[in-house]
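What follows is the residue order along each chain.
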Amino acid sequence: MDKVSADCPYPGCFFCVMKEGNPSKRRASILKFFRELPSQDDDGQVLPISGLWNTAMAHPNDPEFIELGIFECMAALIWKGLKNRRWLSHDQNIYIPYYAAHIIGSYTMNMEEFAERAVRAGVIPPLVELLRGRLTWVEQRVAVRALGHLATYPSTFPAVASHGEILELSSQLAMSSLEIVYSHFYQYVDRRLSYHCDLLTRGMGGVEMESRKAEEWASQLQCWSLQLINCFAFKPEFLPTICKPEFLIKLPGMWGGLVNENSPAGIGLLRTICHHKHGRGPVANCPGIIEALCNIARSSDDWQYMAIDCLLWLLQDPSTSHKVMDKAVPALVDLAEISTLGDHKKLGESIVNILQECIQSQGTGRNSVSSRIKEEVEELLNSRQRLKWEKSMPKEDLHIKQAAALVVKLEGNSLFSSGNIAGAASKYSEALALCPMRSKKERVVLYSNRAQCHLLLQQPLSAISDATRALCLHNPVNRHAKSLWRRAQAYDMLGLAKESLLDAILFINECSQSTDPDLSLRQNKVPDYAERLVKKQMRAAWLFREAALKHGAVHCEGADGEMCGQESDDSEWETASESDIGNDGRDEMGDDEFEWKNDFERKEKYDKPPVKGNLVHLCNDIKHGYNLQLTEDEE
């Protein structure tokens, strides 16, 4: 540590130490640096801490600093910031507790042995103090992240769990994180702490960038809280603390995992809870949760299988099945023709078998199955029986049935074009009864066309059901553009903004990836009607909307740049049926792909200047991987 660069004015400079060529001297100097740093009050301490932060982020599995005492040093620095406010406010020391907690989290996220060293170094108590909010939400964010990593490993979880307040604190933080960030940072630009702004944007952004990063960090604060709670939820003894009604009812709406794909999000935590018998009871007692689970199960989202698992476990449990059956069975019936979903093989078969067992196991009396539910399951079982019969039918007979179904479908299309929507829906139902079960492509079209009829008849629940069935039958699953669009509109009718938004974004993605020559002129441009629906739902599903309304921000700036709040004007937004394409909401009823014959008529009627900037970024923020490509050039 005595070797100092001739150009460096600071004796014992950490960066000079790191340039030491002799490995033995270098290790001794680093060890001394970590031991002495917490007791020093010199200016410029934040510089080596930020350097350590960069190293921890870039090389989290490197054991060198772990062996030389970095955890002890970081824990001592956090304590110093908590106990010595004079030191904390001096120079740039205000940054140090944040960097110290972040360093602990980075070095413990992959290696269990590092986590064990961190626990022995005493990092948990100072992290808990940050979790309590002793400083600000920015430090809470990195504290809950670090504690979540420590709780992940079997060897270190008991040490985390021994601090009983951690679970309660993280539950409260998951529920309040969005409001905390909104009220303490987002709402009042002129009151933002400068060091918060610098941490969020690394000094590279203005107010708009700060606001966007605040949304991302607020979502991370929530998702890392959920990740920590999820570690506790695997242990049945902690479920009574977790399964409080006020917390459970909010879980389905916690979408933190959209920013952090490794987060379980609210639905992932619900799945962990439902895996245990002691967790299923409280979940089944909250009807709002079951309804939300059904919506997620029908969705095309990454967490769809988690919601399906929850519903199946609830139905298989005799103590909860009668409480959830009326809502869960119709949703699962819609999903029964799905084949494979991610790693879930033969998912449809599992759904059918469980529904059959559930109906057969129900007795009579107060908890007996309603006639409507029985009919839905029996219809499903009959369709399975149809499939078995068709396997033994001569091919000629199947071709006759398929041709008959086509004739009836064309009759339905004709009725639809003439304005007889109810008659068309009836014809599509008749065609579905005729169409062979193995003719999946044709059944996709029939379900999707019938969904459009239900939309125009103002029957959104039926439209969602049919669109979902079409999406389950489609290959690849959940990728049929028309059905995505129709379900997005149906969700819009019901005021389910997030569900509508995800389907609309998936629809846009399908358009952008289409090889249909009719779409070639529209490549990389969002269809105007879809752009309007996405923009509307982004405003309605804005991360801080609830917090903004609660804090009286009537004229708050929404995520898409539109005004939101109690006095915002929705008059510019069309209803779901009006925002459909062509013919006052009645699009061409093509066989499989969208038909774009009326593009130029629609362009003249609907086109507005394309939304710039925010829509591009926020669509990507809301759902990674959809590759939305918006152009600012008119085609």
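This text goes with the structure placed above it.
The following paragraphs examine the structure supplied in this document. Computed from a predicted structure; not experimentally measured.

Parameters at a glance
Residues numbered from 1 in each chain as written. Predicted model: local features only at pLDDT ≥ 70, side-chain atom pairs only at ≥ 80, totals over all residues. Heavy atoms only, no water. Helix = DSSP H or I, 4+ residues; strand = E, 2+ residues; numbered from the N terminus. Buried < 20%, exposed > 50% of the residue type's maximum accessible area, 1.4 Å probe, protein only. Contact = heavy atoms within 4.5 Å. Patch = residues over 30% accessible without salt bridge, like charges linked within 9 Å, V, L, I, M, F, W, Y side chains within 5 Å. Areas by Shrake-Rupley, 256 points an atom, 1.4 Å probe, with all protein chains shown as cover. Salt bridge = Lys/Arg side-chain N within 4 Å of Asp/Glu carboxyl O. Lys, Arg positive; Asp, Glu negative; His and termini not counted. Charge placed at Lys NZ, Arg CZ, Asp CG, Glu CD. Core = buried A, V, L, I, M, F, W, Y, C linked by side-chain atoms within 4.5 Å. Expected span 1.5 Å × (residues − 1). Axes fitted to C-alpha atoms, helices over the stretch in contact; angles between N-to-C directions. Parallel < 35°, antiparallel > 145°, perpendicular 65-115°, else oblique. Left-handed = near helix turned anticlockwise from the far one by under 90°. Phe/Tyr/Trp six-rings, centres within 6.5 Å; stacked < 30°, edge-to-face > 60°. Lys NZ or Arg CZ within 6 Å of the ring centre and 35° of its normal.

1. Quick look at the overall build of the protein chain
Logical step 1: Along the backbone of the protein chain there are 33 helices and two strands.
Logical step 2: The proportion of buried residues among the 635 residues of the protein chain is 55%.
Logical step 3: Sequence separation of 24 or more characterises 70% of the internal contacts of the protein chain that already satisfy a separation of 6 or more.

2. Comments concerning a positive patch on the surface
Logical step 1: Taken together, Lys388, Lys391, Lys395 and Arg438 make up a surface patch of like positive charges.
Logical step 2: Its location among the elements puts lysine 395 in helix α24 (residues 395-417).
Logical step 3: Owing to a relative accessible area of 65%, lysine 395 belongs among the exposed residues under this scheme.

3. Considering the nonpolar core
Logical step 1: With 143 residues, the main nonpolar core has Ile70, Met74, Val123, Leu127, Phe232, Ile273 and Leu293 as its most contacted residues.
Logical step 2: Residue contributions to this core peak at 12 residues, all from helix α14 (residues 207-233).
Logical step 3: Apart from the residues lying within four places of it in its own chain, the contact partners of isoleucine 70 are Phe34, Leu52, Phe65, Ile103 and Tyr107.
Logical step 4: Counting 18 residues, the second largest nonpolar core, distinct from the first, contains Leu484, Ala504, Tyr529 and Ala530.

4. Observations concerning α14
Logical step 1: Helix length check: α14, at 27 residues, gives a terminal C-alpha distance of 39 Å against a target of 39 Å (1.5 Å per residue), a fit within 8%.
Logical step 2: For α14, the tally of buried residues reaches 22 of 27 residues, placing the bulk of the element in the interior.

5. Observations concerning the packing of helix α21 (residues 321-334) against helix α23 (residues 371-391)
The geometry of a pair of packed helices is captured by two quantities: the angle between their axes and the separation between those axes.
Logical step 1: Here α21 crosses α23 at 20°, and the two axes come no closer than 10 Å. Comparing their axes, α23 and α21 come out roughly parallel. In terms of crossing hand, the pair formed by α21 and α23 is left-handed. Contacts between α21 and α23 involve Met325, Asp326, Val329, Pro330 and Val333 on the former and, on the latter, Arg372, Ile373, Glu376, Val377 and Leu380.

6. Here we look at the packing of aromatic side chains
Two numbers describe a pair of aromatic rings. These are the distance of the centres and the angle of the planes.
Logical step 1: Tallied over the entire structure, the rule returns 22 aromatic pairs.
Logical step 2: With 5.1 Å between their ring centres and 65° between their planes, phenylalanine 157 and phenylalanine 232 make a pair best called edge-to-face. With phenylalanine 157 in helix α11 (residues 157-161) and phenylalanine 232 in helix α14, this residue pair connects regions lying 75 residues apart in the sequence. In this structure, phenylalanine 157 and phenylalanine 232 share a single accessibility class: buried.
Logical step 3: When the centroid spacing of 4.9 Å and the interplanar angle of 55° are considered together, the rings of tyrosine 186 and phenylalanine 544 count as tilted. You can see tyrosine 186 sitting in helix α12 (residues 165-186) and its partner phenylalanine 544 sitting in the loop between α30 (528-540) and α31 (545-550), a full 358 residues away along the chain.
Logical step 4: For tyrosine 186, a relative accessible area of 11% corresponds to the buried category.
Logical step 5: Joined through ring pairs, the aromatic side chains of Trp53, Tyr95, Tyr98, Tyr99, Trp137, Phe185, Tyr195 and Trp217 make up one cluster.
Logical step 6: Taking NZ or CZ as reference, arginine 141 lies 3.7 Å from the ring centre of tryptophan 217, over its face.
Logical step 7: Across from the ring centre of tyrosine 186, 5.9 Å away, lies the NZ or CZ of arginine 192, which sits over that ring.

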